[in-house]
Structures are given as structure tokens and as C-alpha cells.
Amino acid sequence: MSIGIVAASGIVMLALIGFEQVADASQVNSSGPAVGDRHSHGNPDQIRVTRVELDLTTDFERKELKGIATLLLRRMPGCSPGTPLDLDTRELTIERVMAGPADDAMKEVRFELGDDRRGQSRSEAEAKMDRLLGARLRVFVPEEETRVRITYRTAPTASALQWLDPPRTAGRQQPFLFTQSEAIHARSWIPLQDSPGVRITYGATIRGPKNLRAVMSADRLPGQEEPGVDRFEMPQPIPSYLIALAVGDLGFRTLGPRTGVYAEPSVVAKAASEFVDTEAMIKAVEARYGPYRWGRYDLLVLPPSFPFGGMENPKLTFATPTILAGDRSLVSLVAHELAHSWSGNLVTNATWRDFWLNEGFTVYLERRIVEDVFGPDRAAMEAVLGLRELREELAAFPPRDQVLHIDLTDRDPDDGMTRVPYEKGALFLTTLEHAFGRERFDAFLRAYFDHFAFQSITTADFERYLQDQLLKTDPAAAAKISVQAWLHEPGLPPGFPEPSSSRFAVVAAAARDWLDGKTAADRLSTQGWSTHEWLHFLQALPLELPSEKMAALDQAFSLTASGNAEISQQWLLMAIRNHYAAADSRLEEFLTSIGRRKFLMPLYGELKKTAEGTARAKAIYAKARPFYHPIAVESVDRLLGTH
Ligand code: BES
Ligand code: ZN
């Protein structure tokens, strides 16, 4: 392919003019040799890591993982002799590096580790990038060798790891460890090329306490010869951000022939009942978009400090316990993480600029699954709620942050995790669906997943494919859509299909009747309202509500006591805004027991709006901080200006 030649000859020149310029290679096709990733020190265009073999011991006392990562390498066409291997690390202690043809024939080799801790960078800007990207590990691999063996250990502050002391777990008896590698945290527990454009297979041996179980985003290898030793193999090539590990006192319940759920023993029954529809969801996606290609699909319910709602670790979705509402009303999160088995894990964003390819496609698929399994009413309600959140953010964001193909130069890719890639991305696909018809659009998507299966692609790759396989086939339909505006410009292009929900219309009418004093709160017909309808009801109320009104609602519907995390968060936002003191202790309890960033940030943000609220936020945060995950700590620190 001509692109390959251009890229290969480009490398030599780009290497001379430095990192900044290399990033411009991001326009080059990713399935070919070159795709510049501003968020990695790796040099996969020259030497590419193709497989990682881990042998790690979990040390709960010292809060460190230690052991060996063996990397298998492929030299890319045009790689000149003497080219060293460049890897990403963050806060890793590298004990030694060896290279050789086989594990029993390794020789020590020279390496250089950049400086991500002492901050001796030349300028403040460089220091910031070092903190963001971590330290480059450069290994001088002898020309003939394709195996590198790194002996290392992690820091107790590793950004991907959360080590929970027993009191922070449901069972309170055993410690718990889990990883969160997306976006660029894998480098804090494994030295590798931490770029979503580099796909690897992996194998792992995890040695831990005998009474705990390890799980990974991989197949478990049979034969547990030694207690406390778990072995895994991931045969499908995946990007590094999908490597995941959890170790704890885990029970397991079978859900179906290829599905099941892991959770702490006291949580596993509740989780199994919440997730009964998992197999039906898999069948729904398979019927439209092709086979599930990962073998098993299991879920792991984490302790409440898990900083996200869910994470699509292949074969094993990680999920927050805050979706265990008891009525299955929050399982669209399972639909979402499952959908990533096609959009994201099978076809992957090549760089973090292309994140909308992961999340926009996934929200689109998620809504289609919800429609197939739970009906169009529920899908419509979720679309309305999603678009409302998007509009709120668009109203507050500077133009550059409203763009799908976002420029993340010098920025933390986690900053790109807004509603924009999710909801604007999904709305773009829904707009295409309406213009071309469901049948044609589904066929297009199915072919897209097949065409790019197990590849990492850029937005430009997608645009080319879209042009050739969909837009060209129907110029009249294509003329209705400005791909340029959707992908590269801020705001929402006009003419998209606005979602609407008749059930929400009924809810909004109830809210009006109550506000106008026509109907008392306890006389509203709220029987059978789902979580979504409650959320819409609360969001339909004015931002300012007098205390009596807040109290009347609380009295009628026990909102302060609600155990549904989504409803609680919405209610607590209203309570802060309206100085509703009866919810004060619930707010503190919520913020000190749940570490999901999506809930924390709006609540702390709302508190921060007044001086008194800021003081409260800081007091609560001082208690909660030791319990939060490093990723949540980073976000809240930045918001409150602490540390
Ligand atoms: N892949 C994301 C989580 C993520 C994104 C972690 C970027 C780190 C960086 C996951 O699929 C996700 O989107 N989770 C959502 C839930 C979903 C239902 C929208 C979340 O955690 O809120
Ligand atoms: Zn997602």
C-alpha cells in the first residue's frame, strides 16, 4: 500500500525533527505502519511490541506489584540497525532489563529511564508533559533479539491501581486490588507501548494471597496447581488500555452458557439478579452486527470506589456497584460495556483524539440494544436524558472541546471524557441512520466491524470508509449530512432527529401540576415510574425550589433516603442548590461511600459555587479522599484546588 511507503520513508525524516513533528503522522493510516500518538513515548513504527508475558506478585502490605514483563518484538520495515526500543512507564522502578532468544538464554542489556518523578525537566511545560506521559524507558536491544525481559515493581501511588484495605470492601475481611488502565494508565503497572494503536496478545501469571482470587480481561487457564497462583491468556490482539486485573475475595454466579458475574460473596446474588438479561443483550447485538468474538462475557462488580460506571475490559466488564438498583433500571450500562466488544475492543480508536469512535459508536449500539431488549420507550427516554446532558455541556464548553475529532495536544486524554464523544457521536450515527434507513445503516455497521476487526483506526480511516461504503451509494441522502460539521466543528449541526418520549411528556405534565399547586405531591400518579421518569421529573423542576417544596417532595417520595444512586445524585444536587439541610448528612454519606467520578464531580462542583459550600466540600473531601481511586483524586484535587 502506498501509504505504508510514504510513512516508512517519513519516519527517518521525522526522527530528525523530533517528537512534535512525529505527531503529525497521525493522519497516516493506522493499520499500516505509522500512527503518531501524542500520548505515548513508544516507537511502534520502528520496533513494535506484539505480545506481553507477565509474571507478577501482588504485595498487599507494600501496595505494589512486582515481577517480570517479557515483551516480544517485531522490527518494522525500514527500522534501521541500532534503533532502540522505546516504552512507556510511569512511576515504575526498573530493576533490570535483559534480552535474548529465549527465557533461559537472556543477557543483561543497557537501558535509560526518563525522569517522571524528580521533575528535572527543562521547562514547566516539559515537566507537565512528563507528569502526564510518565517516563520513557529506552532499551538498547541487540539487533538479532526479539525478546526483552524487564524486572520491575510498581509504586504504591500507581495511577492505574487501587489497593483497598479490608474496611473499604463489602466483606470488610480481605483486601482488594483492581486496575483501571484506560486511557493512559497501563504504563503505571506494566512497561509497554501504551498506545491504543498498538495491539498485543498477553499471558499472565498472578501470584497472590492463597485465599483470594485473581481475574483478568483474558481467558483463565485451567488447572489451578498451586493455590494463590492464577494463570491467564488473552489470544486476541488488544490495545494496552484493555489489560485489566482484579484480586479479591470473589464469588461467581453463572448467568448463562457464556456469561457470569464475579463479585464479593455478599454482593454476588444481587448482581446475578440485576444482570439476568445479559445473554439476551449479546444475542441482540449479534443478530445485527455479527458474532461476539471474545468467547466468554463475564462481569465483575467492584467495590464502590471504582471511579467509573463501567469499563469494557474484554471478556470481563468491570462495573460499579451503583448500578445494582434492584429493579434492573440501570443495566443500560451493561449494554454499553457489552457493545464495546464491537465498537472499541474489536475496532479501536488509534489515538485518544479518535475516542469518539469508541464511545459514540458504543452509545449508538447501547441504545439499539436497549430498544431491542427493553423496548423503544426506554431507549427514547435514555436518548432524551443523554441529549439534555450534552446540551448542558455544550453550553458551558469552549468551542475546541465541542469537536468530535478533538485536539488533545498537551492535554490529559482523560479530559476528553465528556458527553461530546458519547452523545454527539451517537447523534451523528443516528442522523446517518435516519438519512439512509435502518436496514442500510445496520448493514453498513456490520460490514464496518468486519472490515476493521482487530484493528486500530483513526477518524480519517472512518471518514474514507464512510464515504466509500455509505455516502457514495446514495448521494441524495448524503447531501443532507455535513460530515465535516459533525466531526470537525463545534456545536450541533442542524437537522438531526430530536429524540422524544411520550412517557416523559406525562412526567413533565405531573411536574407542572405540582408546581402550579394543582396536585399535591403525594397525589401525583407516580406508580410504576422508572428511574428514568424520576430523573426527568426532578430535572423538569426549576433550579430554585423553596425549602417547603423540597420538604414536600421528600416527604412524599423519601428522596433523601433513596438507595438508587442516580436518583440520589440528582436529588442531592437540588439539595445543595436550595440549601435543603435535611439532606446534609445523606450528602456526606454519599460522597464518602461512592467514588464514581461522574457522581462526585457535579456534586463537588455544585458545592464549590458558594463559600460555605466550598468549606463543606473540603471538609467532606478530607474524609473521603483516602477512599477514592487515584483517577478520582486527581479530578477532585483539580476541581477544589487541593494538594
Ligand atoms: N470506556 C469507558 C470508560 C472510560 C473512558 C474510562 C475513558 C477511562 C477513560 C466506559 O465504556 C464508559 O463509557 N463508561 C461510562 C458508562 C457508560 C454507560 C456511559 C461511565 O463510566 O460513566
Ligand atoms: Zn464506553
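Residues numbered from 1 in each chain as written. Chains lettered and ligands numbered in written order. Predicted model: local features only at pLDDT ≥ 70, side-chain atom pairs only at ≥ 80, totals over all residues. Heavy atoms only, no water.

Chemist: Any details on the sheet that holds strand β6 (residues 111-113)? Residues and values, ideally.
Modeler: Spatially, three strands are ordered β3-β7-β6 in an open sheet, and the strand pairing comes out antiparallel. In this open sheet, the two strands that pair with only one neighbour each are β3 (85-89) and β6. Neighbour-to-neighbour, the strand axes of the sheet open up by a mean angle of 15 degrees, direction not taken into account. Pairing of β6 with strand β7 (residues 135-139), which is carried by three bridges, proceeds in the antiparallel orientation. Within β7, the residue paired with F111 across the bridge is V139. (Pairing = 2+ DSSP bridges. Helix = DSSP H or I, 4+ residues; strand = E, 2+ residues; numbered from the N terminus. Axes fitted to C-alpha atoms, helices over the stretch in contact; angles between N-to-C directions.)

Chemist: Account for helix α9 (residues 419-436), with residues named and values stated.
Modeler: Here α9 is 18 residues long and its end C-alpha atoms lie 25 Å apart, about the 26 Å a rise of 1.5 Å per residue gives. Counted residue by residue, α9 has 15 buried out of 18 residues, so it is predominantly covered. For α9, the side-chain oxygen to backbone nitrogen distance between the N-cap and V420 is 3.0 Å, and the N-cap itself is T418. Immediately downstream of α9, the backbone of G437 shows phi near 90 degrees, a positive value. (Expected span 1.5 Å × (residues − 1). Buried < 20%, exposed > 50% of the residue type's maximum accessible area, 1.4 Å probe, protein only. Polar contact = N/O pair within 3.5 Å; in protein donor to acceptor, adjacent residues only side chain to side chain.)

Chemist: Run through helix α18 (residues 584-593), naming residues and quoting values.
Modeler: Of all the residues in α18, the buried ones are R586, L587, F590 and L591. The buried residues of α18 all sit within an arc of 125 degrees when viewed along its axis, so they share a single face. In this structure, the buried residues of α18 make contact with α17 (565-577), α19 (597-607) and α20 (611-624). (Arc of directions from axis to C-beta. Contact = heavy atoms within 4.5 Å.)

Chemist: I'd love a proper account of the coordination of the zinc ion (ligand 2), names of residues and values included.
Modeler: In the first shell of the zinc ion (ligand 2), the protein supplies H336 (NE2), H340 (NE2), E359 (OE) and E359 (OE), at 1.9 to 2.7 Å from the metal. Seen from the zinc ion (ligand 2), its six donor atoms lie at angles of 52 to 159 degrees, and the figure they make is irregular. In primary-sequence terms, the residues that donate to the zinc ion (ligand 2) follow H-x3-H-x18-E. In this pair, H340 sits in the loop between α6 (332-339) and β21 (347-349) while E359 sits in helix α7 (residues 355-374), placing the two residues 19 residues apart along the sequence. For the pair shown, H340 and E359 are each scored as buried. (Donors = N, O, S within 2.8 Å, 3.2 Å for Na, K, Ca; no water. Tetrahedral: all angles 85-135°; square planar, octahedral: opposite > 155°, others 65-115°.)

Chemist: Which residues make up the sheet that holds strand β20 (residues 316-319), and what values do they have?
Modeler: To summarise the sheet geometry, strands pair through backbone hydrogen bonds and adopt either a parallel or an antiparallel arrangement. On the basis of which strands lie adjacent, the open sheet formed by five strands has the order β16-β17-β18-β20-β19 and mixed pairing. Each end of this open sheet is capped by a strand with a single partner; those strands are β16 (251-254) and β19 (310-311). Taken together, the two bridges between β19 and β20 define a ladder with antiparallel strand orientation. When the sheet's bridge partners are listed, M311 is paired in β20 with F318.

Chemist: Could you give an account of the packing of aromatic side chains, naming the residues involved and the relevant values?
Modeler: Considering all chains together, one arrives at 39 aromatic pairs under this definition. For the ring pair Y292 and Y297, a centre distance of 6.1 Å and an interplane angle of 90 degrees mean the geometry is edge-to-face. You'll find Y292 and Y297 in the same group, each marked buried. Taking the centre distance of 4.9 Å and the plane angle of 20 degrees together, the rings of F361 and Y448 count as stacked. Taken together, the positions of F361 in helix α7 and Y448 in helix α10 (residues 438-451) put the pair 87 residues apart, joining distant regions of the chain. Taken as a pair, F361 and Y448 share a single burial class, namely buried. (Phe/Tyr/Trp six-rings, centres within 6.5 Å; stacked < 30°, edge-to-face > 60°.)

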